[in-house]
Amino acid sequence: MTRALTRRTDLPSAPATSAPFERSQGSYQMKKLRALPDSPQMKSLKEFQEQKQLPDPFKNYYAASGSSIDELNLMQPPMNLAALMRMPRENNILRQCIEAMVTNVVSHGYRLEYIGPDGKDNSPEALKEKEALESFIDHPNDEMSLIAVMERVKTDKETIGFGTYEIGRDGTGKVVTISHAPAHTFRRTQKGSEMVPCDVWLPREGKLVKTRIKKRFCRWVQMIGERKVYFKEAGDPRKIDPKTGKENKDLTFADSATEIMVDDIYSAGEAYGLPRFIGQLVSIIGSREAELTNLDFFRENATPAVALLVAGGLIPQTTLDQLEQLFTGVRGRKSMNRWVVVEAEGDHRAANIEGVMPVPKMELKPLNNDRQKDGLFKEYGETCQENIRSAWRIAGLFTGHAKDYTFASAKSAFEIADSQVFGPERRKTNDTVNYQFLMGYEPKFWSFRLQPAKITDPEEVIRALKYFDGIGAMTPNTAIAMVNEYFDTQVPQITDAWGSYPFELVKVMAQQGRLKGVEDLAEKLDPLVGASGSGGPGGTPPADDKAKGKGKTPPANDTKTKEDEDAAWQMVEALKAIRTLARAA
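Because the structure is a prediction, the values reported are computed rather than measured.

(A) Examining the sheet that holds strand β6 (residues 186–188) more closely. Taken in spatial order, the 6 strands make up an open sheet running β5-β4-β11-β10-β9-β6, and their pairing is mixed. Looking at which strands have only one partner, the edges of the open sheet turn out to be β5 (175–181) and β6. Going from strand to strand, the sheet's axes swing by 40° on average, the running direction of each strand aside. Relative to strand β9 (residues 219–224), β6 runs antiparallel, the two being bridged by 3 bridges. Counted as the bridge partner of Arg 187 is Val 221 from β9.

Below, the structure written as structure tokens:
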């Protein structure tokens, strides 16, 4: 029996601040934050906590410091989750860093990697297993794919330190639905004191072995209005009452609590994960304050555009009012060619003994040179951005600051980030999918792998193609893969063995009429390459669009260069040659 999940996404956000936790005798106990009172870092953190307070729906349910241990006591997060969620919207670099992690770790799709016995990847059993896994991965729920779910969980994880999956199982324990659960709406309890027996799948000697272990489990709690709803930790085999959080063996499978699986950024001594940028709060807050200072300066425009200097006289208030109206009231074409007449009165206090007052002197002095020509704290803002990026150990290339990069430096920055940051995160996510989500399917032939981003140098591709062709390593399936990638087509791979043979051997087989399925290949290639023409893997690409398949131009792809297209057309010509030889035979 498959049980539907109840999604609870429209819940109040915002935990209040709390103190860190320390592990003591297998349980987390709350601990007061102690820091030097004159520490700049602690002052900033304290201001962050105090100024960002928002209502916490769980505030009446947290365990008090020093209270007795109860496995249903809720544990308070070490930071204000609502404030952490708001920070990417108020900082000029945080959101880019978070999106860079999400994009480069999970957003490039996935593939199923064959791990079974050699030569059986096209066996009926392997193909059936692959179809079942792809169906589950592409549709783990009725709204989005597993990749989309992981993108949301990853965003939560990078923003507040942890993300949560809601898992639904069938009666056999197999995972059948996976959904994103907004992590900021959950709180966890302490680990229970009871050691619960449970069955887990472990890879041993190339096989999956079901092993019975004992472990402690916690609960996860969500607030629905004033009502708490309990979930059990992923892997907990007990029937947990979603209303009370206690075990109830009399509950039906459909009425027991569903599971929450957490993906967090481990932080020593904390019950919850903490975001990577937590050590850069000073830079985050300072950068925001600097931008607000600049905004106030530009908005208030404190330095005027011009000053009227008067010596030896006075300007009547009526004249001053007229001047203000002149400079601020009339704009556009009507302000062209205006006359400005300023009348000043002599200052009787400056008269000589004969009572003659000096002629007032007036000067209009522009103050544009004295205005601030750019915002303040520019270098400070750039330093803050670098500090924040350093929390993820990524270069400016990934956050939109790419003006100083060449192809070589960009490729180097990408390779370093992928090996040190993105790659390890992908491997962790792969393990989660393979060992948590797919174990119930008992996969024997296929393993889930997230795809990395690719940076391709066209010159390197062409050199490799020429080298492989020269040693006889170029095959029809290699050519088809190239055509599909560069022309955005869907020509299927050749399933017969000759699809992986070198071109020269395939040509001989074609002349002897020993190729199977070549007509199907010809029909697939006809719309792309046309019905005439020949060539080979070392041939010259067509000189113009008419030669390329009787005037049919392949789909445009702005990211491909002329060298890319020429290399792909060499593959097309090679496939045309095979088709021509086979038909002639």
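(B) Main features of the nonpolar core. Membership of the largest hydrophobic core comes to 64 residues, with the highest contact counts inside it found for Met 150, Tyr 165, Trp 392, Phe 437 and Phe 448. With 8 residues, helix α3 (residues 94–106) is the largest single contributor of residues to this core. Those residues within four positions of Tyr 165 in sequence are excluded, and the remaining contacts are Val 149, Met 150, Val 153, Ile 178, Ser 179, Glu 259, Ile 260, Met 261, Asp 263 and Phe 437. Judged by nonpolar contacts, the second largest core, of 8 residues, contains Ile 480, Val 506, Met 509 and Leu 515.

(C) Geometry of the side chain of Thr 399. Structurally, Thr 399 is set in the loop between α8 (378–392) and α9 (407–437). Looking at Thr 399, its side chain comes within polar contact range of the side chain of His 401, at 3.1 Å. Not counting residues up to four positions away in its chain, the partners in contact with Thr 399 are Ile 93, Gln 96, Cys 97, Arg 389 and Ile 394.

(D) Just the pattern of salt bridges, in detail. For the coordinates displayed, the defined rule picks out 17 salt bridges. Of the charged contacts in the structure, one is a salt bridge between Glu 259 and Arg 169, with a shortest N-O distance of 2.6 Å. Here Arg 169 lies in strand β4 (residues 162–169) and Glu 259 lies in strand β11 (residues 259–264), a separation of 90 residues in the sequence. Residues Glu 259 and Arg 169 agree in their burial class; the two are buried. One salt bridge in this structure joins Arg 276 and Glu 425, with 3.3 Å as the shortest N-O distance.

Conventions used here
- Residues numbered from 1 in each chain as written.
- Predicted model: local features only at pLDDT ≥ 70, side-chain atom pairs only at ≥ 80, totals over all residues.
- Heavy atoms only, no water.
- Pairing = 2+ DSSP bridges.
- Helix = DSSP H or I, 4+ residues; strand = E, 2+ residues; numbered from the N terminus.
- Axes fitted to C-alpha atoms, helices over the stretch in contact; angles between N-to-C directions.
- Core = buried A, V, L, I, M, F, W, Y, C linked by side-chain atoms within 4.5 Å.
- Buried < 20%, exposed > 50% of the residue type's maximum accessible area, 1.4 Å probe, protein only.
- Contact = heavy atoms within 4.5 Å.
- Polar contact = N/O pair within 3.5 Å; in protein donor to acceptor, adjacent residues only side chain to side chain.
- Salt bridge = Lys/Arg side-chain N within 4 Å of Asp/Glu carboxyl O.

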